[in-house]
Amino acid sequence: MLSNIEGGLDYKTLVLPTAVDPILYVTHRTYRRKNPIPEFFKHWNSRTYLNRASIHRPISPTFTFACLHGLSTIMAPKNRAAYLEAKMSPKLVVRSAPYTSAKAGQIVIKNHALAINPLEWLIQERGNIMFGWLKYPFVLGADNAGEVVEVGPGVTRFKIGDRVLGHCAGTSEPINDSAQGGFQEYTVLLEHMSTPIPESISYERACVLPLGLSTAVCGLFQTDQLSLPLPTSPARKPTGKTLLIWGGSTSVGVNAIQLAISAGYEVITTCSPRNYELVKSLGACGAFDYNSPTVVADIVRAFNSANRISGGAMSIGQGAATKCIDVLSQVQGDKFLSMASYPVPQVLPKHFGAAYTIWTFLTGMVEIWFKSKMNGVKFGTIIASTLIDNGVGKKIYEGYLEKALEMGDLKPFPEPLVVGKGLEFVQEAMDRQKKGVSAKKVVVLL
Ligand SMILES: NC(=O)c1ccc[n+]([C@@H]2O[C@H](COP(=O)([O-])OP(=O)(O)OC[C@H]3O[C@@H](n4cnc5c(N)ncnc54)[C@H](OP(=O)(O)O)[C@@H]3O)[C@@H](O)[C@H]2O)c1
């Protein structure tokens, strides 16, 4: 932010200013009268610099303006976060947290709504089996929507006061930074993983998107996964191929259906019958009950009776990968499976939970590997943070999402299930997500 200041002043220049305090104060008041007060300024304590004031030398308007803006960096707002204090702490602790300013290519948002993913309670419950690099205390959270309060050097797509949603990158291994976690009042977001929210979409609805969307994007568009052409708004011309998305009512699935259609694919999906209407409203041409004993045969019939050509499959949900391989082996077309869900136990035994998780994972992956080899199907495993650095995230969050939301080509789903207002509700929200949801995203308002 400082390098953006008029006149190119740096930090050292800004901390001279006993001499300029009265002018600053007057300018600050004038500025506040002329401009609606952004949320960020409400946390300033403008009286502190009045007390020290005396004039020693004249001061230029440029300098005053620069100081006024520089204060937003010096006088940071108070922040609070819901911390995972240590590995496998059973309860998050809400307490004060540092406010971190935006660096180059970053923005800071004041969060108005956040959403919960299975990932967060899995990290809390299973500790270092996953995300062993996290430094505790840590601030988890991937899905946020809020108002921009600060923009870093070089940021051109956002200004203070903008409404945005963003995929918080804090848990990603190369980043590993609590300041970029979602469970706090102020979060640092990467500019290229953030998107303006159209006026017609509330914060509550916008925050359901990021991780579900990012996971679907990795599986559909990365070159190591299904490598489909990128989605456009309006949708691309039909490719004539059909994609199987297993788990269409999950947060990942509702995004995958819409993105695949925007990329020119027809979609067949699975979910519970109560969600058939939802997935069809998002564009799926066929929905099948994943609990039915005949589900594989039913899907194969839907492909072959209409001479559909496979564009590949994405598996979401426990047991989905082997079923998708069964389908792909019996239909014409592409035989690539992108796996969002790994074979991990949903419930842990009282003892040896870590060993049991590792055993279930290894045996499950060996089964999938053998099955895929035997049936001529290739597969890739999704890690949803990979799109942050490989250019795909930028293409979606900068190049596609804003227009798609405005045009209604991508609708924010699942529906939010709000459990409360305030960081104190985040643990309850995680516990609610763990109990299981059906086509709902657990949300906390702030
Ligand atoms: N690899 C990654 O980087 C990554 C990132 C994010 C998520 N994931 C994984 O993706 C999966 C979905 O996550 P999410 O946040 O989207 O979940 P979610 O929204 O909490 O999923 C809830 C939905 O799961 C459906 N479901 C339950 N069991 C299923 C099964 N066996 N097959 C198909 N659908 C099933 C339910 O459908 P009905 O109500 O219709 O029955 C329910 O609507 C999880 O396994 C998660 O760990 C992976």
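Placed above this text is the structure.
Residues numbered from 1 in each chain as written. Predicted model: local features only at pLDDT ≥ 70, side-chain atom pairs only at ≥ 80, totals over all residues. Heavy atoms only, no water.

### Here's the deal with the site of the ligand
- If you check the shell around the ligand, you find 25 residues, and the closest are Ser249, Ser272, Tyr290, Ser341 and Ser438.
- Within the side chain of Ser272, a nitrogen or oxygen atom sits 2.4 Å from an oxygen atom of the ligand.
- Arg274 places a side-chain nitrogen or oxygen 3.1 Å from an oxygen atom of the ligand.
- Calculation on the ligand without its partners gives an accessible area of 940 Å², and the protein chains cover 81% of this total.
- In terms of residue class, the shell around the ligand is built from 12 nonpolar, 12 polar and 1 charged.
- In terms of domain composition, the shell around the ligand takes at least three residues from each of domain 2 (79–208 + 412–445) and domain 3 (214–386). (Near = heavy atom within 4 Å. Polar contact = N/O pair within 3.5 Å; in protein donor to acceptor, adjacent residues only side chain to side chain. Areas by Shrake-Rupley, 256 points an atom, 1.4 Å probe, with all protein chains shown as cover. Nonpolar A, V, L, I, M, F, W, Y, C, P; charged D, E, K, R; others polar. Domains from an automatic or database assignment.)

### Side note on the environment of Asn291
- Mapped onto the secondary structure, Asn291 falls in the loop between β10 (286–288) and α10 (295–305).
- Accessibility expressed as a relative area gives 56% for Asn291, which makes it exposed.
- Each C-alpha atom, one on Asn291 and one on Pro273, is 9.7 Å from the other, the two residues being 18 residues apart in sequence. (Helix = DSSP H or I, 4+ residues; strand = E, 2+ residues; numbered from the N terminus. Buried < 20%, exposed > 50% of the residue type's maximum accessible area, 1.4 Å probe, protein only.)

### Structural notes on the sheet that holds strand β13 (residues 378–381)
- Here we have 6 strands laid out as an open sheet, ordered β10-β9-β8-β11-β12-β13, and parallel in their pairing. Of all strands in the sheet, those bounded by a partner on one side alone are β10 and β13. On average, each strand axis in the sheet is inclined to that of its neighbour by 20°, with strand direction left out of account.
- Sheet topology note: the strand β9 (residues 266–270)/β10 ladder contains 3 bridges and is parallel. Residue pairing in the sheet places Ile268 in a bridge with Gly286 of β10.
- Strands β8 (241–246), β9, β10 and β11 (309–315) of the sheet are contacted by α10, whose axis makes an angle of about 165° with β9.
- The strands touched by helix α11 (residues 320–328) are β8, β11 and β12 (336–339); relative to β11, the strand with the most contacts, the crossing angle is about 170°. (Pairing = 2+ DSSP bridges. Axes fitted to C-alpha atoms, helices over the stretch in contact; angles between N-to-C directions. Contact = heavy atoms within 4.5 Å.)

### Considerations on helix α13 (residues 392–399)
- Regarding α13, the residues found buried are Val392, Gly393, Ile396 and Tyr397. For α13, the arc enclosing every buried residue in end-on projection is 110°, short of the 170-degree limit, so these residues lie on one face. Within α13, the exposed residues directed more than 90 degrees away from the buried face are Lys395 and Gly399.
- Buried residues along α13 sit in contact with β5 (163–167), β7 (194–196), α7 (210–221) and α14 (401–407). (Arc of directions from axis to C-beta.)

### Structural notes on the nonpolar core
- Counting residues in each nonpolar core, the largest one holds 57 residues, and the members touching the most others are Leu165, Leu220, Leu259 and Leu410.
- Counting only domains with at least three residues in this core, you end up with domain 2 (79–208 + 412–445) and domain 3 (214–386).
- Other than its neighbours up to four places away in sequence, Leu220 contacts Leu226, Ser227, Leu228, Leu243, Ala256, Leu259, Ala260 and Met314. (Core = buried A, V, L, I, M, F, W, Y, C linked by side-chain atoms within 4.5 Å.)

### Considerations on the pairing of strand β6 (residues 186–190)
- In terms of residue burial, β6 counts as a mostly covered element, since 5 of its 5 residues are buried.
- Taking every second residue as pointing to the same face, both faces of β6 are buried, with Tyr186, Val188 and Leu190 on one and Thr187 and Leu189 on the other.
- Pairing of strand β3 (residues 106–115) with β6 involves 5 bridges; the strand directions are antiparallel. Of the residues in β6, the one forming a bridge with Gln106 is Leu190.

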